[in-house]
Amino acid sequence: MAAIKELHCPVCGRSYQPHEVQYTCPVCGSVGTLQVLFDYDSLRLQLDRDGLRTGEQSIWRYKALLPLAADAKVPPLRVGMTPLYDATRMAESLGLRQVWLKDDGQNPTGSFKDRASAMVVSKAMEQGIQTVSTASTGNAAAALAGIGASVGLNIIIFVPATAPEAKIAQLLVYGATVLLVEDTYDVAFELCYQMCLSEGWYCRNTAMNPYTTEGKKTVSYEIAEQLNWQVPDVVMVGVGDGNIIAGIHKGFYDLHQLGWIERIPRLIGVQAEGSSALVHAWQHGLKPEDMIPMPADTIADSISAGVPRDRAKALKAVRETNGAFIAVSDAEILEAIPAVARQSGVFVEPSCAAVYAGARRAAQTQLVQRDESVLLVMTGNGLKDIKRAQQSVSQGLRVQPTIQSIRQALGMGQE
Ligand SMILES: *Cc1c(COP(=O)(O)O)cnc(C)c1O
Ligand SMILES: [Zn+2]
């Protein structure tokens with residue numbers, strides 16, 4: 001339970017109290033996605049990092065640093081405390097001293113988005129709101145549908161009618177109401193927001209709701225704790241709307257303010273070449289409010305975004321940590337799916353394969369130095385996108401049901 005000091009707009013610098021504004025900055029509009037800030041001086045006196053060893057094996061072990069009431073109810077599904085692996089063979093292959101993987105595909109609905117949805121569902125319960133809604137075609141909707149189902153909330157999802165059927169199936173299985181909007185994602189997003197305002201539903205839309213990043217920041221707490229408070233030199237993650245990288249930054253920022261870690265890692269956001277609005281903005285020094293829509297076309301659907309909705313906080317995260325935004329091609333992403341799996345045993349969806357491809361690129365261009373330690377955040381389970389996984393590998397070996405045929409297929413000599 002951390003009392004919110006203010007909700008801060010990264011674009012205009014204005015601050016608000018939580019009861020004054022529910023979603024984005026009223027002056028800046030949708031670009032002004034708000035940051036939750038605490039009174040760090042008083043938190044520093046109340047808390048110490050060893051006090052976190054509560055035995056609670058989920059994001060709720062960090063309740064003392066989350067913007068929830070002390071007696072807040074939280075959903076029962078185990079979100080967070082995902083494994084952190086020392087990927088030695090991957091490090092060797094990339095030519096880096098140390099590579100860790102944080103496997104967030106092991107969350108209940110299969111992606112990192114569960115961290116945000118668990119937080120937003122708790123905020124809804126705190127306010128006594130029965131209906132939570134979001135527009136999304138992918139993992140955010142699945143996360144809200146699943147976490148919502150765990151506490152019996154009414155979940156309404158807006159998706160463009162063209163969304164992949166497999167992704168819609170997961171929502172329907174969880175019992176969400178799915179509205180197939182006969183228009184684009186942007187239109188679905190706006191309709192969702194309008195309905196939330198007029199009906200009093202709680203809106204989880206990415207980057208509109210200030211508490212999504214508060215859920216997502218818990219990954220950084222876990223990374224710090226799992227590495228005994230010695231944070232990596234570099235953290236890399238796939239970026240679409242920029243809400244995850246903003247959350248990662250917020251987590252390290254909190255810990256640094258508290259004096260629990262010595263420095264904040266450099267954050268490197270990886271985009272797909274076909275959807276690289278933040279790479280472009282970063283390279284050209286654009287302000288978030290001056291960014292215009294760019295094409296968004298990539299096989300990595302979780303990181304496809306023409307106007308990244310959390311662009312202000314994402315640019316800040318990279319600029320303040322002396323990080324970078326880089327882009328990789330769809331061909332590199334596809335190749336990286338089996339590379340990650342074979343070098344580490346972790347099966348990931350394309351948005352995470354992009355991170356591996358980005359790490360390779362960063363090592364080659366010396367954006368990351370050989371002797372630096374690097375953590376790759378693997379945000380989504382490979383089972384989320386079987387179609388791309390199939391495309392990334394050749395077929396099995398077809399054999400006759402005879403020993404001879406098997407030996408032949410395996411390239412072994414005659415017996
Ligand atoms: C949503 C998502 C991302 C990108 O997060 P943004 O906040 O949109 O930048 C990356 N990977 C996975 C698996 C996701 O679901
Ligand atoms: Zn503002």
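Enquirer: For this particular structure, what's the right way to read the nonpolar core?
Expert: Ranked by size, the top nonpolar core spans 94 residues in total, and within it I248 and F325 carry the most contacts. In this view, I248 contacts V219, S220, V235, V237, L267 and V377; residues no more than four positions away in its chain are not counted. Formed by 37 residues, the second largest nonpolar core is a distinct cluster that contains I337, Y356, A359 and V374.

Enquirer: Got a minute to help me understand the site of ligand 1 in this structure?
Expert: Among the 16 residues in the neighbourhood of ligand 1, the closest are listed as K113, N139, D241, G242 and T379. In this structure, N243 approaches ligand 1 through a main-chain N or O atom, which is 2.9 Å from an oxygen atom. At 3.0 Å, a side-chain N or O of S351 approaches a nitrogen atom of ligand 1. Protein contacts shield 96% of the accessible area of ligand 1, which totals 380 Å² for the unbound molecule.

Enquirer: What should I look at first to understand the pairing of strand β6 (residues 131-135) in this one?
Expert: Sheet faces and side chains relate simply in a regular strand, where the side chains alternate between the two faces. For β6, the tally of buried residues reaches five of five residues, placing the bulk of the element in the interior. Here β6 shows no split at all, with T131, S133 and A135 on one side and V132 and T134 on the other all buried. Summarising the sheet, β6 and strand β7 (residues 154-160) pair through five bridges and their orientation is parallel. Pairing of A135 across the sheet is with F158, part of β7. Read as a crossover between parallel neighbours, the route from β6 over helix α4 (residues 139-151) to β7 is right-handed. Examined bridge by bridge, β6 and strand β9 (residues 202-203) share two bridges and lie parallel to one another. For V132, the partnering residue across the bridge sits in β9 and is Y202.

Enquirer: Just to check I follow, could you spell out the coordination of the zinc ion (ligand 2) for this structure?
Expert: Where a metal carries four tetrahedral donors, each ideal angle is 109.5 degrees; where it carries six octahedral donors, the ideal angles are 90 or 180 degrees. For the zinc ion (ligand 2), the protein coordination sphere consists of C9 (SG), C12 (SG), C25 (SG) and C28 (SG), at 2.3 Å. For the zinc ion (ligand 2), the four donor atoms in the first shell make angles of 105 to 113° at the metal, a pattern classed as tetrahedral. For the zinc ion (ligand 2), the donor residues sit on a single chain with the sequence spacing C-x2-C-x12-C-x2-C. On the criterion of sequence distance, the pair formed by C9 in the loop between β1 (4-8) and β2 (15-16) and C25 in the loop between β2 and β3 (35-38) is long-range, its members being 16 residues apart. Across the pair, C25 and C9 agree in class, each one buried.

Enquirer: For this particular structure, what's the right way to read the pattern of salt bridges?
Expert: When the charged atoms of two side chains with opposite charge come close together, those side chains can pair. On inspection of all chains with the given rule, the structure shows 17 salt bridges. A salt bridge links R263 to D233; its shortest N-O distance comes to 3.3 Å. Of this pair, R263 sits in the loop between α9 (243-257) and β11 (266-272) while D233 sits in the loop between α8 (218-226) and β10 (234-238), placing them 30 residues apart in sequence. Take R263: its relative accessible area is 36%, and that puts it in the partly exposed class. Its relative accessible area of 21% is what places D233 among the partly exposed residues. Notably, a salt bridge pairs K250 with D254, separated by 3.1 Å at the nearest N-O pair.

Enquirer: What's the story with the packing of α8 against α9 in this structure? I'm lost.
Expert: Running from amino to carboxyl end, α8 crosses α9 at an angle of 55°, the nearest separation of the two axes being 7 Å. The angle between α8 and α9 falls in the class oblique. For the element pair α8 and α9, the recorded crossing hand is right-handed. Counted together, V219, S220, Y221, I223 and A224 of α8 and G247, I248, G251, F252, D254 and L255 of α9 form the full contact between these two elements. Partitioning the contact of α8 with α9 into residue classes produces seven nonpolar, three polar and one charged.

Enquirer: What's the story with the sheet that holds β3 in this structure? I'm lost.
Expert: Strands belonging to one sheet form pairs held by backbone hydrogen bonds; the direction of such a pair is parallel or antiparallel. The three strands are arranged β2-β1-β3 in an open sheet whose pairing can be described as antiparallel. The sheet terminates laterally at β2 and β3, the two strands that pair on one side only. For β1 and β3, the ladder comprises four bridges, and the chain directions are antiparallel. Residue L7 lies in a different strand from β3, and its bridge partner there is V36.

Parameters and conventions
Residues numbered from 1 in each chain as written. Chains lettered and ligands numbered in written order. Predicted model: local features only at pLDDT ≥ 70, side-chain atom pairs only at ≥ 80, totals over all residues. Heavy atoms only, no water. Core = buried A, V, L, I, M, F, W, Y, C linked by side-chain atoms within 4.5 Å. Buried < 20%, exposed > 50% of the residue type's maximum accessible area, 1.4 Å probe, protein only. Contact = heavy atoms within 4.5 Å. Near = heavy atom within 4 Å. Polar contact = N/O pair within 3.5 Å; in protein donor to acceptor, adjacent residues only side chain to side chain. Areas by Shrake-Rupley, 256 points an atom, 1.4 Å probe, with all protein chains shown as cover. Helix = DSSP H or I, 4+ residues; strand = E, 2+ residues; numbered from the N terminus. Pairing = 2+ DSSP bridges. Right-handed = clockwise from strand over helix to strand, strands pointing away. Donors = N, O, S within 2.8 Å, 3.2 Å for Na, K, Ca; no water. Tetrahedral: all angles 85-135°; square planar, octahedral: opposite > 155°, others 65-115°. Salt bridge = Lys/Arg side-chain N within 4 Å of Asp/Glu carboxyl O. Axes fitted to C-alpha atoms, helices over the stretch in contact; angles between N-to-C directions. Parallel < 35°, antiparallel > 145°, perpendicular 65-115°, else oblique. Left-handed = near helix turned anticlockwise from the far one by under 90°. Nonpolar A, V, L, I, M, F, W, Y, C, P; charged D, E, K, R; others polar.

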